[in-house]
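For reference, the chains in residue letters:
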Amino acid sequence: MRFFKFYSTVPFVMKKQYDVIVIGGGHAGVEAAAASARLGAKTALITFKKEDIGTLSCNPSIGGLGKGHIVREIDALDGVMPGCADTAGIHFRVLNRSKGAAVQGPRAQVDRVIYRDAVFAILSDYPNLDLIFDEVTDLIDRDGAIVGVETKDHSQIDAKAVILTTGTFLRGLMHTGEEQSNGGRVGDAASYGITPALTRLGFETIRLKTGTPARLDGDTINWDVIDTQASDEHPEPFSMLTESVAGRDTITCGMTSTNEEIHQLIRDGVARSPLFNGQIDGKGPRYCPSIEDKVVRFPHHHQHNVFLEPEGLNTNVVYPNGISTSLPKDIQDAVVKRIKGCEHAKILQYGYAIEYDAIDARMLKPTLESHAVKGLFFAGQINGTSGYEEAAGQGVVAGINAAHVAQQKEAFILSRTESYIGVLIDDITTLGVDEPYRMFTARSEYRLMLRADNADQRLTPRGLAIGLIRDARRDAFESKQTLLHDTIARMKEMIASHKKLVDAGLQLNHGGEQKNAYRLFGFPNVDFKMIETIFPSLATLPDAIKKQIEIEGKYEGYLSRVQHDIDSIKRDEQMIIPDDFNYAKVGSLTNEVVQKLTAAKPATLAAAARIQGITPAALIAVLKSLKKKSV
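Basis of the calculations
- Residues numbered from 1 in each chain as written.
- Predicted model: local features only at pLDDT ≥ 70, side-chain atom pairs only at ≥ 80, totals over all residues.
- Heavy atoms only, no water.
- Helix = DSSP H or I, 4+ residues; strand = E, 2+ residues; numbered from the N terminus.
- Rg over C-alpha atoms; globule rule 2.2 N^0.38 Å.
- Buried < 20%, exposed > 50% of the residue type's maximum accessible area, 1.4 Å probe, protein only.
- Contact = heavy atoms within 4.5 Å.
- Areas by Shrake-Rupley, 256 points an atom, 1.4 Å probe, with all protein chains shown as cover.
- Lys, Arg positive; Asp, Glu negative; His and termini not counted.
- Charge placed at Lys NZ, Arg CZ, Asp CG, Glu CD.
- Salt bridge = Lys/Arg side-chain N within 4 Å of Asp/Glu carboxyl O.
- Pairing = 2+ DSSP bridges.
- Axes fitted to C-alpha atoms, helices over the stretch in contact; angles between N-to-C directions.
- Core = buried A, V, L, I, M, F, W, Y, C linked by side-chain atoms within 4.5 Å.
- Phe/Tyr/Trp six-rings, centres within 6.5 Å; stacked < 30°, edge-to-face > 60°.
- Lys NZ or Arg CZ within 6 Å of the ring centre and 35° of its normal.
- Expected span 1.5 Å × (residues − 1).
- Polar contact = N/O pair within 3.5 Å; in protein donor to acceptor, adjacent residues only side chain to side chain.
- Left-handed = near helix turned anticlockwise from the far one by under 90°.
- Nonpolar A, V, L, I, M, F, W, Y, C, P; charged D, E, K, R; others polar.

### Focus on the overall build of the protein chain
Piece 1. A count of helices and strands for the protein chain gives 19 helices and 23 strands.
Piece 2. The C-alpha atoms of the protein chain give 26 Å as radius of gyration, which agrees with the globular expectation for 631 residues (25 Å, within 12%).
Piece 3. With respect to the three principal axes, the spread of C-alpha positions in the protein chain is 80 × 75 × 60 Å.
Piece 4. Counting over 631 residues, the protein chain shows a buried share of 57%.
Piece 5. The contacts of the protein chain with a sequence gap of at least 6 include a subset with a gap of at least 24, amounting to 73%.
Piece 6. With an accessible surface of roughly 26800 Å², the protein chain has 51% of that area assigned to carbon and sulfur atoms.
Piece 7. When the 73 basic and 79 acidic side-chain charges of the protein chain are each reduced to a single mean position, those positions are 4 Å apart.

Structural data, given as structure tokens:
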């Protein structure tokens, strides 16, 4: 019976109980609630209002370098974001297409309204999931475990696990020059009840900062004088369940830049910037800085790129990517009017910075459950990360593990050797953050193994093993795997003579030696198109299969060596360090090492190895102690 599918702010007439409660309807909350519900846990998502669910608060885009890899991994685990991005996509590009396969990142501009509506449509009819529109003001714990939440009208909702995905709403404070206002984003109130609850439970909070640019009226931009960038001719979807995104309506983005006159305006007005006058305490993102931060930090750069990105098919709002700012309104006006093509542009909404509370993610397990409070999970910006994709990836893991806690099942941990989501979680829970964390492919030691094209091969079997994957994805994945394996086996049996290969343009040093089709990828400048000319029967394969086979064939030797290294790391990761392990009793450790390990609480020996200052000798001492305890 689905009588309680939706709630308003009307007080409850009866006490409700769920397996999992998710607080927050942003990208982390959406994926957490959906993952929990897919596992059969009775789940509630609580957020202020319907419009919060799936809102793109800042940039109207999904994916990018590193981020696109995470979106494909979310898709591999049957998440919500990838399919909705395909539905709402209005400009698709694969970034770094001219570079190696490991660093190519799919990205899409999306229509804000279509994306939000697509997410809501999915969640509103999701099995095992209720949507509650209310404000959570307190967390209820008993005997070191979370047991529920309290809402604004003092109603209590019980749960076996709770996931906090509060984004920028915890004590959110927005800054535009000297002006300040409370809120989680423009038009939405901040949340004040949860920070005191976290303090009561022993969590230390930190202040972080992010920002957004002004929004411009596209009808007042002179598009004729700036460069433009069209969508890819052959666009790639995020989800393996999306057959095609070709042939739909798309938009063209504009490319312009700042100039030295603008930079001087900013330098002259920097004393009025909240970032530099002491008004903002929070630390901002290093890799997505405001325009005033870029001008001050990089004085040798005489211009910075500005990408003019329309926010939808049926709106005149344009997002000027590259000039995030909290400068006063009069300086924002002056800056915009000096950007080529924007001389007469009208500002529809001024840019602002926002400060918010986050926790030290080193207080979390790799499952994203708190060390201190059983059943309390955290995902998204509250953990010190930035970006929709990073939040959504955490949401999937938190949702799975919260459901598992409720169902008394074992932990689900993604390793950094098998996923970018694993890299992210390992980084923030082991090393912590002092600024908003953003994913890059360079953060992974094994990025050629963790490509966007093979995310399903890496992670869908993990999802299938725990019952996370629904039938349609399972069937699509199994069909793809069969085609992939059968094609590679067939190519290894397809032989061409030395003469035929030379006639096709291959430069071979070994006279008379025959080669199978798959081995040909080992030669320089050989791609699938060349192999098709030699073996025409391969031409009918889907492009995605061709791409993946080419990558695997080209890097076969290297991938084998990397897999050997990964297997070694996995052995260390299987050496679990108990939460209550007493490092002080490991005799040969220095006080500094004991303090670092005790504070970080690494879940495995491999995680301990990544903590700065932990020596090989210290790891050996910990390993010996663990082995003694296991005997």
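Further notes follow.
### Digging into unusual backbone geometry
Piece 1. Positioned with a positive phi, Asn 96 is a non-glycine residue whose angle comes to about 65 degrees.
Piece 2. Within the secondary structure, Asn 96 sits in the loop between β5 (89-95) and β6 (105-110).
Piece 3. Phi is positive for Asn 525, which is not a glycine, with a value near 65 degrees.
Piece 4. Using a relative accessible area of 72% as the deciding quantity, one classes Asn 525 as exposed.

### Describing the pattern of salt bridges
Two side chains with opposite charge may pair up if their charged atoms get near one another.
Piece 1. Considering all chains together, one arrives at 46 salt bridges under this definition.
Piece 2. Across the salt bridge formed by Arg 416 and Asp 426, the nearest N and O atoms sit 2.6 Å from each other. Of this pair, Arg 416 sits in the loop between α9 (388-407) and α10 (420-430) while Asp 426 sits in helix α10, placing them 10 residues apart in sequence.
Piece 3. Of the charged contacts in the structure, one is a salt bridge between Asp 503 and Lys 499, with a shortest N-O distance of 2.9 Å. Of this pair, Asp 503 and Lys 499 both sit in helix α13 (residues 498-503), four residues apart, roughly one helical turn. Taken individually, Asp 503 and Lys 499 each receive the classification exposed, so the pair is uniform in this respect.

### Some details on the sheet that holds β5
Piece 1. The sheet built from three strands is open, its strands ordered β4-β6-β5 with antiparallel pairing. Across the chains shown, the open sheet's two edge strands, defined by having one partner strand only, are β4 (61-63) and β5. Strand-to-strand twist of the sheet, defined as the mean angle between neighbouring strand axes without regard to direction, takes the value 20 degrees.
Piece 2. Here six bridges tie β5 to β6, and the two strands are oriented antiparallel to one another. From the neighbouring strand, His 91 faces β6, where its bridge partner is Gln 109.

### Describing the nonpolar core
Piece 1. Core analysis: the biggest nonpolar cluster contains 105 residues, and Ile 21, Ile 62, Tyr 115, Leu 123, Leu 139, Leu 198 and Leu 376 have the highest contact counts within it.
Piece 2. Ranked by residue count, the leading element in this core is α9, at 10 residues.
Piece 3. With residues up to four places along the chain from it excluded, the contact list for Tyr 115 reads His 27, Gly 54, Leu 56, Ile 62, Met 81, Cys 84, Ala 85, Ala 88 and Val 110.

### Topic: the side chain of Thr 460
Piece 1. The residue Thr 460 is located in helix α11 (residues 455-466) in this model.
Piece 2. With a relative accessible area of 0%, Thr 460 lands in the buried category.
Piece 3. The contact partners of Thr 460, leaving out residues within four places of it in the chain, are Ala 76, Ala 455, Ile 469 and Phe 477.

### Concerning the packing of aromatic side chains
Piece 1. The tally for this structure, following the rule as stated, stands at five aromatic pairs.
Piece 2. Seen from their ring centres, Tyr 518 and Phe 521 are 6.1 Å apart, and the 85 degrees between their planes marks the pair as edge-to-face. Each member of the pair, Tyr 518 together with Phe 521, is buried.
Piece 3. With a centroid separation of 4.9 Å and 75 degrees between ring planes, the pair formed by Phe 581 and Tyr 583 is classed as edge-to-face. Residue Phe 581 shares its accessibility class with Tyr 583, and that shared class is buried.
Piece 4. Every member of this aromatic cluster is reached through a ring pair, and the members are Tyr 518, Phe 521 and Phe 528.
Piece 5. Its guanidinium or amino end placed over the ring of Tyr 18, Lys 42 lies 5.3 Å from that ring's centre, counting from NZ or CZ.
Piece 6. Its end group placed over the ring of Phe 535, Lys 500 keeps NZ or CZ at 6.0 Å from the ring centre.

### So, helix α1 (residues 27-38)
Piece 1. In a regular helix each residue adds 1.5 Å, so 12 residues correspond to 16 Å; α1 covers 16 Å between its end C-alpha atoms and thus fits that length.
Piece 2. Buried within α1 we find His 27, Ala 28, Gly 29, Val 30, Glu 31, Ala 32, Ala 33, Ala 34, Ala 35, Ser 36, Ala 37 and Arg 38.
Piece 3. Positive backbone phi, at 90 degrees, marks Gly 40, one or two positions downstream of α1.

### Brief notes about the sheet that holds strand β15 (residues 227-229)
Piece 1. In space, the six strands of this open sheet follow the order β15-β16-β17-β18-β14-β19, with antiparallel pairing throughout. Only two strands of the sheet have a single neighbouring strand rather than two, namely β15 and β19 (347-349). Here the average twist between neighbouring strands, direction ignored, is 35 degrees.
Piece 2. One ladder, built from three bridges, connects β15 with strand β16 (residues 253-257); its direction is antiparallel. In the sheet register, Thr 228 faces β16, and the bridge partner there is Gly 254.

### A word on helix α4 (residues 112-123)
Piece 1. Spanning 12 residues, α4 covers 17 Å between terminal C-alpha atoms, matching the ideal 16 Å at 1.5 Å per step.
Piece 2. Listed as buried for α4 are Arg 112, Tyr 115, Ala 118, Val 119, Phe 120 and Leu 123.
Piece 3. The backbone nitrogen of Val 113 has a side-chain oxygen 3.0 Å away, supplied by the residue at the start of α4, namely Asp 111.

### Some thoughts on the packing of helix α2 (residues 67-76) against α11
Piece 1. Interhelical geometry of α2 versus α11 gives an angle of 40 degrees and a closest axis separation of 8 Å. For the crossing formed where α2 meets α11, the hand is right-handed. Residues Arg 72, Glu 73 and Ala 76 of α2 touch α11, and the partners they reach there are Ala 455, Asp 456, Arg 458, Leu 459 and Thr 460.
Piece 2. Grouping the constituent residues of the contact of α2 with α11 by class yields three nonpolar, one polar and four charged.

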